[in-house]
Amino acid sequence: MYIGLDLGTSGLKGVLIDDAQGVLAEASAPLTVKRPHEGWSEQSPADWIAAAELVMDALSAHGLSKVRAIGLSGQMHGATLLDAADEVLRPCILWNDTRSHEEAAELDGDPMFRRVTGNIVFPGFTAPKLVWVKRHEPRIWEKVARVLLPKDYLRLWLTGEHVAEMSDAAGTSWLDTGRRDWSDDCLSATGLTRAQMPRLVEGSEVSGKLRDALSSRWGLPKGVVIAGGGGDNAASGVGVGVVKAGDAFVSLGTSGVLFAANDGYQPAPETAVHTFCHALPDTWHQMGVILAATDALNWYAGLVGDSAANLTGTLGDLKAPGKTLFLPYLGGERTPLNDAAIRGAFLGLEHATDRAAATRAVLEGVTFAIRDSRDALAATGTRIERLLAVGGGSRSDYWLKAIATALDIPVHLPVAGDFGGAFGAARLALMAATGAGAEIATLPPIARSIDPDRNLTAAFDAGHARYRAAQSAIRGLK
């Protein structure tokens, strides 16, 4: 047996699989986010441990005596600051926290960062958060002995070791992404040293062993290995079998991600595409990231007092985009804008804009944002030959039909089941324990495929052009 633990923003999920990759058990525990000031987003690392304990307690009811390895997946970019005794110094600053936008712009102004890391220094990345702490919380800064990413704090609790892996580390702005090693120059530019960083492993490698006390607590054998694991999207890529060039997935979760695997390293930071190491050796991936996908739909659902499922479930067949536009920038945007200050908007409201029309506009707005990411990926030479859809938003056929039509590519929907970060982490655990490689990260069975509506291709092209014009029009409104 193998366990995958995925530390998300809204909850921690665990899966237990057998050696044939069949899912034997699942468990989850909720998490909450604290937003003490505008643009801030924090969690207490102690809450992660409590959630992991709940999940492992639940999984242990199924008997864990045959478990050989545990893999970890998690939300990226979070800054978990520890002192010399491994005590947490302050709440973790999360991926969707934008307080360090000024510090990010300053670091990004140094050409070294893009050259070494292959990416823009985004406000959500880890390095600018440390510069912010240095400036605004100097007493905490002086005590920082180690910086860990969220899932790697779980690893510290599980193993007692400070270890990170390549895919997550690539989102810090401290990794030489091509060389797959920390950059001493990038660290020095933010006042840090390699000694404050965790040791690096590949996602499919062993990072440590489970502490005996935890093995005894949950009935695991001694010596269970902990795989390197992956950042949430890289682990999801392993989970859905997107591990080679040409394959991609679109994730409609809180945020939206268009993720494509690459056989080589081909950065193009000017496009605001993320170019990161994959969770497998000698493999990279690129992502376009939009900050609000189902988050935008859920916001709108709350505004009109209905559920997202009800709003989308009554839309019927796909329609051409109307005059009403929605820009989903509720908390800034990453790809392709790299703009933490931009905010969302409804435009083109008219008497004919009823609730269904506004719902379609929200889905279209997120769809057009995903198309922006597709265009940015294409500008780097990345090709998408096969596209899978995952995440909660993929339950909406209307939304998937819109995406297929806007991107002009069939969207494949896996069979029922969660092939996300927890499942990918479990696959990485299997690799770490057995020495297996990418060959076991197969594509899931496809339940059905949703083809583009060629009769609406031109209408969606025109709708996207209007979306881009509206995007330009509001960028000065801060």
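Residues numbered from 1 in each chain as written. Predicted model: local features only at pLDDT ≥ 70, side-chain atom pairs only at ≥ 80, totals over all residues. Heavy atoms only, no water.

Q: Explain the environment of S204 here, please?
A: In this structure, S204 sits in the loop between strand 12 (199–201) and strand 13 (206–209). We classify S204 as buried; its relative accessible area is 14%. Sequence separation between S204 and N262 is 58 residues; the distance between their C-alpha atoms is 17 Å. If sequence neighbours within four positions are ignored, S204 has contacts with A279, L280, P281, L428, M431 and A432. (Helix = DSSP H or I, 4+ residues; strand = E, 2+ residues; numbered from the N terminus. Buried < 20%, exposed > 50% of the residue type's maximum accessible area, 1.4 Å probe, protein only. Contact = heavy atoms within 4.5 Å.)

Q: Looking at this structure, how should I read the pattern of salt bridges?
A: Between side chains of opposite charge, a pair can form as their charged atoms come close. For the coordinates displayed, the defined rule picks out 31 salt bridges. The shortest N-O distance in the salt bridge between E137 and R90 comes to 2.6 Å. Of the two residues, E137 is situated in the loop between helix 4 (126–136) and helix 5 (138–143) and R90 in the loop between strand 6 (80–82) and strand 7 (92–93); the sequence distance between them amounts to 47 residues. Assigned by exposure class, E137 and R90 land together as buried. Between E103 and R135 there is a salt bridge, and its shortest N-O distance comes to 3.5 Å. On the criterion of sequence distance, the pair formed by E103 in helix 2 (residues 101–108) and R135 in helix 4 is long-range, its members being 32 residues apart. By relative accessible area, which is 3% here, E103 ends up buried. (Salt bridge = Lys/Arg side-chain N within 4 Å of Asp/Glu carboxyl O.)

Q: Is there a simple way to think about the sheet that holds strand 16 (residues 246–252) in this case?
A: Think of a sheet as strands paired side by side through backbone hydrogen bonds, with each pair either parallel or antiparallel. Strand order in this open sheet of 7 strands is 18-19-17-16-22-23-24, and the pairing throughout is mixed. In this open sheet, the two edge strands, each paired with only one partner strand, are strand 18 (274–277) and strand 24 (446–450). Strand-to-strand twist of the sheet, defined as the mean angle between neighbouring strand axes without regard to direction, takes the value 25 degrees. Across 4 bridges, the pairing between strand 23 (residues 411–414) and strand 24 is antiparallel. Among the inter-strand pairings, V411 is bridged to a residue of strand 24, identified as I450. Helix 13 (residues 355–379) rests against strand 16, strand 17 (256–262), strand 19 (284–290) and strand 22 (384–390) of the sheet, and its axis sits at about 145 degrees to strand 19. (Pairing = 2+ DSSP bridges. Axes fitted to C-alpha atoms, helices over the stretch in contact; angles between N-to-C directions.)

Q: Explanation requested: unusual backbone geometry in the structure shown.
A: Negative phi characterises most residues that are not glycine, and trans characterises most peptide bonds. Residue P336 follows T335 across a cis peptide bond; omega there is -5 degrees. With respect to the helices, strands and loops of the structure, P336 is situated in the loop between strand 20 (325–327) and strand 21 (345–347). Phi is positive for H77, close to 75 degrees, though the residue is something other than glycine. The topology assignment puts H77 in the loop between strand 5 (69–74) and strand 6. At D86, a residue that is not glycine, the phi angle is positive and equals roughly 65 degrees. One can find D86 in the loop between strand 6 and strand 7. Classification of D86 by relative accessible area gives partly exposed; the value is 25%.

Q: Is there a simple way to think about the packing of helix 13 against helix 14 (residues 397–407) in this case?
A: Each packed pair of helices is defined by two parameters, the angle between the axes and the distance between the axes. The geometry of helix 13 relative to helix 14 is characterised by a closest axis approach of 9 Å and an angle of 40 degrees between their N-to-C directions. Taken together, the axis directions place helix 13 and helix 14 in an arrangement best described as oblique. Seen along the crossing, helix 13 lies across helix 14 with a hand that is right-handed. Touching R360, L363, E364, V366, T367, I370, R371 and R374 of helix 13 are Y398, W399, A402, I403, A406 and L407, all from helix 14. Split by residue class, the contact of helix 13 with helix 14 holds 9 nonpolar, 1 polar and 4 charged. (Parallel < 35°, antiparallel > 145°, perpendicular 65-115°, else oblique. Left-handed = near helix turned anticlockwise from the far one by under 90°. Nonpolar A, V, L, I, M, F, W, Y, C, P; charged D, E, K, R; others polar.)

Q: Teacher, can you tell me more about the packing of aromatic side chains here?
A: Aromatic ring pairs are defined here through the distance separating the ring centres and the angle between the ring planes. For the structure on display, the rule yields 13 aromatic pairs. Linked through ring pairs, W299, Y300, F326 and F346 together constitute an aromatic cluster. In this structure, R99 packs its charged tip against the face of W40, placed 3.5 Å from the ring centre. The ring of W132 carries the charged tip of R99 above its face, separated from the ring centre by 4.7 Å. (Phe/Tyr/Trp six-rings, centres within 6.5 Å; stacked < 30°, edge-to-face > 60°. Lys NZ or Arg CZ within 6 Å of the ring centre and 35° of its normal.)

Q: What is the right way to read the pairing of strand 19 from this model?
A: Consecutive side chains along a regular strand alternate between the two faces of the sheet. In terms of burial, strand 19 is largely enclosed, as 7 of its 7 residues are buried. The two faces of strand 19 match: W284, Q286, G288 and I290 on one face and H285, M287 and V289 on the other face are all buried. Across 7 bridges, the pairing between strand 17 and strand 19 is antiparallel. Bridging from a neighbouring strand, N262 pairs with W284 of strand 19. Direction of pairing for strand 18 relative to strand 19: antiparallel, over a ladder of 4 bridges.

Q: Looking at this structure, I do not really get the environment of G463. What am I missing?
A: Here G463 is to be found in helix 16 (residues 457–474). Linking G463 and F368, residues 95 residues apart in sequence, is a C-alpha distance of 8.2 Å.

Q: Whenever I open this one, helix 6 (residues 150–159) confuses me. Can you help?
A: Side chains three or four residues apart in an α-helix point the same way, a direct result of the helix having 3.6 residues per turn. In terms of burial, helix 6 is a largely internal element, 10 of the 10 residues being buried. Just downstream of helix 6, G160 is the residue with a positive phi angle, here 80 degrees.

Q: What is the right way to look at the nonpolar core in this model?
A: Nonpolar side chains in soluble globular proteins tend to be buried together. By size, the foremost hydrophobic cluster in this structure holds 71 residues, and its most contacted members are L81, L130, W174, W182 and V238. Among the elements that line this core, the one with the most residues is helix 15 (residues 421–434), at 7 residues. Grouped together as the second largest cluster of nonpolar side chains are 53 residues, V273, A296, L311 and L413 included. (Core = buried A, V, L, I, M, F, W, Y, C linked by side-chain atoms within 4.5 Å.)

Q: Can you help me understand a nonpolar patch on the surface in this one?
A: Taken together, the side chains of W299, L303 and L330 present a nonpolar region at the surface, about 270 Å² in accessible area. Residue placement: W299 occurs in helix 11 (residues 294–304). (Patch = residues over 30% accessible without salt bridge, like charges linked within 9 Å, V, L, I, M, F, W, Y side chains within 5 Å. Areas by Shrake-Rupley, 256 points an atom, 1.4 Å probe, with all protein chains shown as cover.)

Q: Explain the side chain of T190 to me, please; I cannot follow it from the model alone.
A: When you line up the elements, T190 lands in the loop between helix 8 (184–189) and strand 12. Side chain to side chain, T190 and W174 meet in a polar contact 3.0 Å long. Each residue touching T190, except ones within four places of it in the same chain, is listed here: L107, F113, A127, V131, W141 and W174. (Polar contact = N/O pair within 3.5 Å; in protein donor to acceptor, adjacent residues only side chain to side chain.)

Purely spatial values, then, with no claim about function.
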